Amino acid sequence: MGEICVHCGEDCGKHPIMWQNKPFCCNGCKTVYQLINKSNLYSYYEIEENPGIKVELESFDDKYAFLDKEEVKEKLYEFKEGDIAKVTLFIPVIHCASCVWLLENLNTLNKGISSSMVNFVKKEVSVTFNEKEISLRQLVELLASIHYIPHITLEKKNEHDERKEEAKKLLKKIGVAGFAFGNTMLLSFPEYFGVKDFSYKFLFGMLNLAFAIPVISYSGSDYIKSAFKNLFKKIINIDLPVAIGMLAIFLESAYEILSHSGSGYMDSLTGFVFFLLIGKWYQNKTYRALSFERDYKSYFPIAVTVLENGKEESILLENLQPGQKILIRNLELIPADSKLLKGEAYIDYSFVTGESQPVKKNIGDIIYAGGRQVGEALELEVTTEVLQSKLTKLWNQDNKDEIKEKDLSSVVDNISKYFTVVVLSIAFITAVVWFFINPKVALLSFTAVLIVACPCALALSLPFSFGTAMGIFGKNGFYLKKTNVVEKLSNVDTIVFDKTGTITKSDGLEVKYFGEKLSEEEFSLIKSVTRQSTHPMSSAVYEYLNKYPSKEIKDFRELPARGVIGIFKDRKIKAGSYEFIYGNESGKAKQTSVYISVNDKPKGYFTVENKYREGLEEIIRSLEKDYELHLISGDTDAEKENLLKLFKDENKLNFNKSPVEKLEYIKALKAQGKNVMMTGDGLNDAGALNEANVGISVADDIYHFSPACDAILEAEKFKSLNKFIKFTKASVNVVNVSFLISFIYNVAGLYFAVTGQLSPIIAAILMPASSISVVAFVSFALILLSKRKKYRF
């Protein structure tokens, strides 16, 4: 054997192609290696040894010329705004961590690519790029040049139809296997009754062989293909033991029949494949029934302000229809593709594309769902159906920087990784031992070991446990971004609360005005400026001045943690903190206040009475026993005395903190080794929410969507926060019990298989039964736990 190719790991033969003293099997692999190293992507070869795939160099010529056509682009693009476009491509050859790493660093290969994200399960990569610097055709050619060749189709299938089609295929395979199983059993009756020699023995044997061929080549083909395709890529998966078991029984039986040395075990083979497929079918039905993939139209707590007959009304997003007019305030998310009717729109599409530069839109322009307005309030007309799943996908794709921690998921991955190797070793040892004791038992024991031992129960218990917890939380007003948030919540030891809009209510607040007498027009202007903002203090003032007519404000700006500015004709209205209006900190009111100036002349202030959320004291008392509690606020310390009664430790109360200071505070706690949970409203604390191990956004009736958070808690469920955290700990305990059940099942199954007491048919029934039983256990255990009084939300 010659030297091994540095890129793909294949044999270079007698005459390897050398570059910088490194061997390559072909010019293609050398070219990709040079490209990767030219772009300083050295980690590609550090994540996994020989991660690349053998490259066959070719000239693309006009192969991808069709991608220059506008009608083709229109079908493929998910998003297009100016020169920025987003496309998702299916790349079948994605197979390892290095593939993911390289594809998520495409921006280093071409500066026109701003971001890329891989969905490993679906083998898809979503790429955001600038068409001025790289076209769609050039992007696909770049991917093909490094042998990540996209499979491009302009036809879009309905996911439900695809699932139906797959179910039909499975049922056909079950039908073939069932038919063969019934007939091979019938033809094996003489063997069952101990008849050794009879005139039709060879004929029956040949008929059994004929029935077994379509079972092995059609019904069981998925297992064999999956096993050997992965083996060819040097990957051992769970299908390998099953495939080896199938082939071992088939080849041994075929040999016995053709050589007249026996009748074989074709009934065992067809029965084992039949029950394996029945188990697979039943698994699919069970998993769909227990599925934790939620319907976000029912679960996702987003509301939107609809304009009807000059009035503003808040409705659930699921009820929004094309043709309705909506109001979008500063920093609010556009929930559906809409046409701009009124207002000066500067749309930040960073939530969709990663590009944060706001795009100016004119009256009549279409604004895509997922964009965020930066500036004055807009009036839009919804043009397409609301797809909450689209917003949910955007929420889940947000690239929150995370340090990879050792969690249950990584433990399961490591166990599953070595499981198949251990099972294969046990199976071969069993076969060798039984060969010297009773050769007839050797093959069946070997096969039974390969089939009965399955890591599926272990692997499925984690996603189904946490998925069920997510579903239970969702039905009770607590919405998690991903399943791993359940485990993260269970590890929290420090909780940081924001004040305004988190532990205080955002609606029904008592507001009073103090200062110079203002005209009706001035009150109208103040109302119109505060209308543009989503901050709780602005909303409180706006509601207080609701009786005054609105004016059309220009040049609106909002400065985080300071205030808002708007211009009407020759008047500049400012509303915000004392320092924002007066330029210093002396003389501020003791209560939480919103100060006002007209043309930079201070006029007075509105006091806003803080109303703490219902049950706050009980929440604090229940949490302080197990967690270190902190409070952080951008407001003054006017409420310090009241808050000291709740939090007790003065050193953990922090006031007058800017968004940057909140972020630094969370970083400091994490630097001390603490697992931090931050609760905020997602407005001035988005950075801190993102930095915390778990960020929870507290949502009132209208939720201003923040991609920074890991979870959304409905305000009325705030009092149940401790119960939610406790339930995550119970969920982890259920996972640990399910691990134990899975372990006991595998040990018991292996014992009976190794000792020759388990037939392949029974093993084939037990294999899916174990997975189903563990999934059912974790799902129903958590559902029953949620009904206990201590967890009643």
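Model, not experiment: these values are computed from the prediction. (Residues numbered from 1 in each chain as written. Predicted model: local features only at pLDDT ≥ 70, side-chain atom pairs only at ≥ 80, totals over all residues. Heavy atoms only, no water.)

(A) The arrangement of the overall build of the protein in detail. Along the backbone of the protein there are 28 helices and 28 strands. Of all intrachain contacts in the protein linking residues separated by at least 6 positions in sequence, the fraction that spans at least 24 positions is 66%. Total accessible area computed for the protein in this model is approximately 37,500 Å², and 54% of it derives from carbon and sulfur atoms. (Helix = DSSP H or I, 4+ residues; strand = E, 2+ residues; numbered from the N terminus. Contact = heavy atoms within 4.5 Å. Areas by Shrake-Rupley, 256 points an atom, 1.4 Å probe, with all protein chains shown as cover.)

(B) Main features of the sheet that holds strand S12 (residues 359-361). Reading across the sheet, the three strands line up as S12-S11-S14 and stay open at both edges, with antiparallel pairing between neighbours. A strand with exactly one partner marks an edge of an open sheet, and here the two such strands are S12 and strand S14 (372-373). Two strands pair when backbone bridges link them, and strand S11 (residues 345-348) and S14 are joined in this way by two bridges, in the antiparallel orientation. Each residue of the ladder has a partner; that of Ile347, found in S14, is Gln373. (Pairing = 2+ DSSP bridges.)

(C) Molecular detail of the sheet that holds strand S5 (residues 113-119). Strand order in the open sheet formed by four strands is S3-S4-S6-S5, and the pairing between neighbours is antiparallel. The two strands at the open ends of the sheet, each matched to only one other strand, are strand S3 (77-81) and S5. Pairs of neighbouring strands in the sheet enclose a mean axial angle of 15°, with direction left out of account. Helix H5 (residues 136-145) rests against S3, strand S4 (84-90), S5 and strand S6 (124-130) of the sheet, and its axis sits at about 40° to S4. (Axes fitted to C-alpha atoms, helices over the stretch in contact; angles between N-to-C directions.)

(D) Seen up close, the environment of Ile762. Along the chain, Ile762 falls in helix H28 (residues 760-786). In the structure, Ile762 is positioned 491 residues away from Gly271 in sequence and 9.2 Å away in space, judged by C-alpha atoms.

(E) Quick peek at the nonpolar core. Counting 53 residues, the largest nonpolar core has Phe497 and Phe647 as the members making the most contacts within it. Take this core: its biggest share by element is nine residues, from helix H27 (residues 721-754). Once residues within four sequence positions are removed from consideration, Phe647 is found in contact with Phe497, Ile503, Ile620, Leu629, His630, Leu631 and Leu653. Counting 52 residues, the second-largest nonpolar core is a separate cluster that includes Leu170, Ile224, Leu276 and Leu443. (Core = buried A, V, L, I, M, F, W, Y, C linked by side-chain atoms within 4.5 Å. Buried < 20%, exposed > 50% of the residue type's maximum accessible area, 1.4 Å probe, protein only.)

(F) Focus on the pairing of strand S20 (residues 563-568). With five of six residues buried, S20 lies mostly within the body of the structure. Where strand S19 (residues 554-559) folds back on S20, the antiparallel hairpin that results is connected by three residues, among which Ala561 adopts a positive phi of roughly 65°. Note that S20 and strand S21 (residues 571-576) share six bridges and pair antiparallel. Looking at the pairing, Gly563 lines up with Gly576 of S21. Connecting S20 to the next strand, S21, in antiparallel fashion are two residues, including Lys569 with a positive phi near 55°.

(G) Spotlight on a positive patch on the surface. Judged by side-chain charge, Lys625, Lys719, Lys723, Lys726, Arg788, Lys789, Lys790 and Arg792 come together as a positively charged surface patch. Among the secondary structure elements, Lys719 is positioned in the loop between strand S28 (711-714) and H27. Its relative accessible area of 47% is what places Lys719 among the partly exposed residues. (Patch = residues over 30% accessible without salt bridge, like charges linked within 9 Å, V, L, I, M, F, W, Y side chains within 5 Å. Salt bridge = Lys/Arg side-chain N within 4 Å of Asp/Glu carboxyl O. Lys, Arg positive; Asp, Glu negative; His and termini not counted. Charge placed at Lys NZ, Arg CZ, Asp CG, Glu CD.)

(H) Broad picture of the pairing of S28. In this structure, strand S16 (residues 478-480) lies alongside S28, joined through three bridges in antiparallel fashion. Among the inter-strand pairings, Leu480 is bridged to a residue of S28, identified as Ala711. Where strand S27 (residues 694-699) meets S28, four bridges bridge the pair, whose relative direction is parallel. The partner of Ala699 across the bridge, within S28, is Glu714.

(I) Here's a closer look at unusual backbone geometry. Positive phi, normally seen in glycine, also occurs at His260, with a value near 60°. Topologically, His260 is positioned in the loop between helix H10 (239-258) and helix H11 (266-289). The class of His260 is exposed, set by a relative accessible area of 57%. Within the chain, Lys648 stands out as a residue other than glycine whose phi angle is a positive 65°.

(J) Structural context of the confidence of the model for the protein. Looking at the protein as a whole, the pLDDT averages 79, with 79% of positions reaching at least 70. Note that pLDDT drops below 50 for residues 290-301; the model gives that stretch 35 contacts with residues more than four away or on any other chain. (pLDDT = per-residue confidence, 0-100.)

(K) Quick peek at the packing of aromatic side chains. Under the definition given, this model contains 25 aromatic pairs. Residues Tyr200 and Phe204 carry aromatic rings whose centres are separated by 6.2 Å and whose planes lie at 15° to one another, so their mutual orientation is stacked. Judged by centre distance (6.0 Å) and plane angle (65°), the ring pair of Phe497 and Phe647 falls under edge-to-face. A residue pair is termed long-range when its members are at least 10 positions apart, and Phe497 in strand S17 (residues 494-498) and Phe647 in helix H24 (residues 640-647) qualify at 150 residues. The burial state of Phe497 is the same as that of Phe647; both residues are buried. (Phe/Tyr/Trp six-rings, centres within 6.5 Å; stacked < 30°, edge-to-face > 60°.)

(L) The arrangement of the pattern of salt bridges in detail. Counted under the stated rule, the structure contains 25 salt bridges. The salt bridge partner of Glu131 is Lys80, with a shortest N-O separation of 3.2 Å. Here the residue Glu131 occupies a position in the loop between S6 and H5, and Lys80 occupies one in strand S3, the gap between them amounting to 51 residues. Here the salt bridges do not stand alone but share partners, grouping Glu70, Lys73, Lys80 and Glu131 into one network.

(M) Seen up close, the side chain of Ser490. Tracing the backbone through its elements, the reader meets Ser490 in helix H18 (residues 484-490). Contacts of Ser490, omitting those with residues within four sequence positions, involve Thr728, Lys729 and Val732.

(N) Inspection of the packing of helix H8 (residues 201-219) against H10 at higher detail. For the pair H8 and H10, interaxial distance at closest approach is 10 Å and the crossing angle is 155°. With respect to each other, H8 and H10 are oriented roughly antiparallel. Judged by the twist between their axes, the crossing of H8 over H10 is left-handed. The residues of H10 that touch H8, namely those facing Phe202, Gly205, Met206, Leu209, Ala212, Ile213 and Ile216, are Met246, Leu247, Phe250, Ala254, Ile257 and Leu258. The residue inventory of the contact of H8 with H10, partitioned by class, reads twelve nonpolar, one polar and no charged. (Parallel < 35°, antiparallel > 145°, perpendicular 65-115°, else oblique. Left-handed = near helix turned anticlockwise from the far one by under 90°. Nonpolar A, V, L, I, M, F, W, Y, C, P; charged D, E, K, R; others polar.)

(O) Summary view of the packing of helix H23 (residues 616-624) against H24. For the pair H23 and H24, interaxial distance at closest approach is 9 Å and the crossing angle is 45°. Between H23 and H24, the angle falls in the class oblique. Contact with H23, carried on its side by Leu616, Glu617, Ile620, Arg621 and Glu624, involves Lys645, Leu646 and Phe647 of H24 and no other residues of that element. Residues belonging to the contact of H23 with H24 are distributed by class as follows: four nonpolar, no polar and four charged.

(P) Summary view of the environment of Phe497. Of the residues examined, Phe497 reaches a relative accessible area of 0% and is grouped as buried. Between the C-alpha atom of Phe497 and that of Met678, which follows or precedes it by 181 residues, the distance is 6.0 Å. Sequence-distant contacts of Phe497, defined by excluding residues within four places in its chain, comprise Ile503, Ile620, Leu623, Leu629, His630, Leu631, Ile632, Phe647, Thr679, Phe718 and Leu721.

(Q) View of H8. For H8, which comprises 19 residues, the first-to-last C-alpha distance of 26 Å matches the rise-based estimate of 27 Å (1.5 Å per residue) to within 8%. All of the buried residues along H8 are Gly205, Asn208, Leu209, Phe211, Ala212, Val215, Ile216 and Ser219. (Expected span 1.5 Å × (residues − 1).)

(R) Just a nonpolar patch on the surface, in detail. Where nonpolar side chains cluster on the molecular surface, the patch consists of Leu740, Phe743, Ile744 and Val747 and spans about 410 Å² of accessible area. Note on placement: Ile744 falls in helix H27.

(S) Region of the structure containing the side chain of Thr270. When you line up the elements, Thr270 lands in helix H11. Taking relative accessible area as the criterion, Thr270 reaches 0% and is therefore assigned buried. In this structure the side chain of Thr270 is engaged in a polar contact, spanning 2.9 Å, whose partner is the side chain of Thr184. With sequence-adjacent residues up to four places away left out, Thr270 is seen in contact with Ala177, Ala180, Phe181, Thr184, Ala212 and Val215. (Polar contact = N/O pair within 3.5 Å; in protein donor to acceptor, adjacent residues only side chain to side chain.)

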